[in-house]
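Given next are the chains, with one letter for each unit.
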Amino acid sequence: KARVQFKAMQPGGRVLLFSLVPWLRVSEGLDEDDNKLAFFQPREPKEGEAFFGAYLAVVLPKPLEPDTLRYLRFTYGGKRVVRKVGTGNFFCQSFGWYPTVGYPGAHRYNYDFTLRVPKKYIAVATGTKTGESVEGDYLVTQWKSEEAMPEVGFAFGDYKVTTEKVGEVNLEVYANKSADDTLAQIEGIARTQE
């Protein structure tokens, strides 16, 4: 689920265009008055197929008024956004999995999001972790940006976490306990060269 908050710069517009990868399918869009939104997405590509458009077009029930704070809510889900990158390690790219305006990285936004991952894993994300709890079989973490950022991503897995203090800064390093797929391939090539 995503909640997008914005202000219109010009009056009269009714169609908003967001970036969102086509593997994520929106099932519902609502405005701040719980009006259902009409929306359009490109066809979901098949596994390995190229796609021509990562967008979500939304039609608002009434024209926008300038300088009025508005928000929209989207419920969506899909596959092939979080990738397994080794034994017990998962990665999500830093753009396309949440609705934004314009080309990835073209604008800066404030983020506040919650991750739910299997509790046997450790989650790490862009921003500052503001909360952590266990709910049933899931580790639930909250993350927030301290300033507007162009993109935000996350990963989770079987990590070893090391914390060091560098001056006044606490530095946390998350390292895979086993090699990810790329490093495993490099190690395999190195072994055959010996």
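Residues numbered from 1 in each chain as written. Predicted model: local features only at pLDDT ≥ 70, side-chain atom pairs only at ≥ 80, totals over all residues. Heavy atoms only, no water.

Draft legend 1. How the structure looks around the layout of surface pockets. Considering only enclosed or pocket space, the largest pocket measures out at about 1,500 Å³ in volume. If you list the elements that add at least two residues to the lining of the largest pocket, you get β1 (2-7), β2 (15-19), β6 (69-78), β9 (100-101), β10 (112-118) and β14 (154-157). (1 Å grid on protein atoms, 1.4 Å probe; cavity = no way out; pocket = protein on both sides within 12 Å on 5 of 7 lines; lining within 4 Å. Points joined across faces, edges and corners; volume = space filled by probe spheres on them. Helix = DSSP H or I, 4+ residues; strand = E, 2+ residues; numbered from the N terminus.)

Draft legend 2. Spotlight on the sheet that holds strand β12 (residues 128-135). One open sheet accounts for three strands, arranged β10-β13-β12; its pairing is antiparallel. Whereas interior strands pair on both sides, the edge strands pair on one side only; in this sheet they are β10 and β12. Averaged over all pairs of adjacent strands, the angle between strand axes in this sheet comes to 20°, irrespective of strand direction. When β10 meets strand β13 (residues 138-144), the two strands line up antiparallel, connected through seven bridges. (Pairing = 2+ DSSP bridges. Axes fitted to C-alpha atoms, helices over the stretch in contact; angles between N-to-C directions.)

Draft legend 3. Quick peek at the nonpolar core. Among the nonpolar cores identified, the biggest contains 37 residues, and F18, V58, L72, F74, Y76, W97 and F113 are the most heavily contacted of them. Sequence-distant contacts of L72, that is, excluding residues within four places in its chain, are made with A2, R3, V4, F6, L16, F18, L30, D31, L37, V58 and L60. (Core = buried A, V, L, I, M, F, W, Y, C linked by side-chain atoms within 4.5 Å. Buried < 20%, exposed > 50% of the residue type's maximum accessible area, 1.4 Å probe, protein only. Contact = heavy atoms within 4.5 Å.)

Read these as spatial facts, not as claims about activity.
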